[in-house]
Amino acid sequence: MRLNPGRIYFADFDHNNTLDAFQVPTQDFPARIYSNRGDGFFTEKSSDLPDINNLPVHAATIADIDNNGLPDIYINASPKKDHWYQNLGDWKFEMRLSPVPAEITYDRSLVNFADMDLDGDLDLVIFSTLNSKRTRPLVIYYNDGAGNFADSANFGISLPPSTAHNEVVIADLNGDFMPDILVYYFLCRNYLYINKGDRQFSEEAQSRGLDGTWFDEAPYIYISEFTDVNADGALDVLQVARDGKAAIFMND
């Protein structure tokens, strides 16, 4: 393998029960993909990704977007429009454009895929960074099961100007099998959007004790992780503030 400084993502792209490697460089180098031969060696397959050497690649998200059982690759190609590689099998990939319109400004490092409407396929969740009182920060592009995103919905509480250090965590917090969304910010309280079904969400961070004000009225939550601390089947929330203060919020 020929690697440069950067992040490596592992996934079984060819469905042969070995983990292959996709690298996103941190400097001005092309992204590369390698097939795991199963004997401790890898074969470069970068030429199988159309136009990969001519596009900027800053981050990637690995997910089965078209629901065919093979992992696809969603690419952060800033300043160009994002795109994704549809894995057709046997190391054949087709490049497809992201459903996010070019005029939408969003944090490209906060791209998530989750089955938000429980229809059996992965939807695309992005976080808008327009910082306008008229802008709803979260947008969900709903997958039709084949990697097409005809329907979308934006929602959420508008953010204060200059809000930064945004993070998005998606998990089922209330045990109803529907993924919820926790968003936390720099110097701004957290927001928790509980999935009510039928593509509807309710903001409930304060009522559930997760708005960050336990730390400070204008908290800087640096880490927020979901984990089942007491093994009761419910996800608890570990939060760490910038000053190092930490707390575990137990899920009842």
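Residues numbered from 1 in each chain as written. Predicted model: local features only at pLDDT ≥ 70, side-chain atom pairs only at ≥ 80, totals over all residues. Heavy atoms only, no water.

1. Quick notes on unusual backbone geometry
Here the phi dihedral of Asp-90 falls at roughly 55°; this positive angle occurs in a residue that is not glycine. Looking at the secondary structure, you find Asp-90 in the loop between strand 7 (83–89) and strand 8 (92–97). Phi is positive for Arg-199, which is not a glycine, with a value near 65°. Structurally, Arg-199 is set in the loop between strand 15 (191–197) and strand 16 (200–203). (Helix = DSSP H or I, 4+ residues; strand = E, 2+ residues; numbered from the N terminus.)

2. A few points about the sheet that holds strand 2 (residues 20–25)
An order of 1-2-3-4 is seen for the 4 strands of this open sheet, with the pairing classed as antiparallel. Edge strands, defined here as strands with exactly one partner in the open sheet, are strand 1 (6–11) and strand 4 (42–44). Ignoring which end each strand starts from, the neighbouring axes of this sheet average 25° apart. Alignment of strand 2 against strand 3 (residues 32–36), held across 3 bridges, turns out to be antiparallel. Within the sheet, the bridge partner assigned to Gln-23 lies in strand 3 and is Arg-32. (Pairing = 2+ DSSP bridges. Axes fitted to C-alpha atoms, helices over the stretch in contact; angles between N-to-C directions.)

3. Overview of a nonpolar patch on the surface
Nonpolar side chains collect at one region of the surface, where Met-1, Leu-3, Ile-8, Phe-10 and Leu-19 lie side by side and expose about 460 Å² of accessible area between them. With respect to the helices and strands, the residue Phe-10 is situated in strand 1. (Patch = residues over 30% accessible without salt bridge, like charges linked within 9 Å, V, L, I, M, F, W, Y side chains within 5 Å. Areas by Shrake-Rupley, 256 points an atom, 1.4 Å probe, with all protein chains shown as cover. Salt bridge = Lys/Arg side-chain N within 4 Å of Asp/Glu carboxyl O.)

4. A short note on the sheet that holds strand 6 (residues 72–76)
For sheets, the rule is that strands pair by backbone hydrogen bonds, running either parallel or antiparallel. The strand order across the open sheet built from 4 strands is 5-6-7-8, with neighbouring strands paired in antiparallel fashion. Two strands in the sheet have a free side with no partner beyond their single neighbour: strand 5 (59–63) and strand 8. Taken pair by pair, the neighbouring strands of this sheet meet at an average axis angle of 20°, ignoring direction.

5. Topic: the nonpolar core
Ranked by size, the top nonpolar core spans 19 residues in total, and within it Phe-22 and Ile-73 carry the most contacts. Dropping the residues within four chain positions of it, Phe-22 is found in contact with Arg-7, Ile-8, Tyr-9, Phe-13, Ala-31, Arg-32, Ile-33, Leu-49, Ala-60, Ile-73 and Ile-75. If you look at the next biggest cluster of nonpolar residues, it comprises 16 residues, including Ala-171, Leu-210, Val-237 and Ala-247. (Core = buried A, V, L, I, M, F, W, Y, C linked by side-chain atoms within 4.5 Å. Buried < 20%, exposed > 50% of the residue type's maximum accessible area, 1.4 Å probe, protein only. Contact = heavy atoms within 4.5 Å.)

On their own, these measurements won't tell you what the molecule is for.
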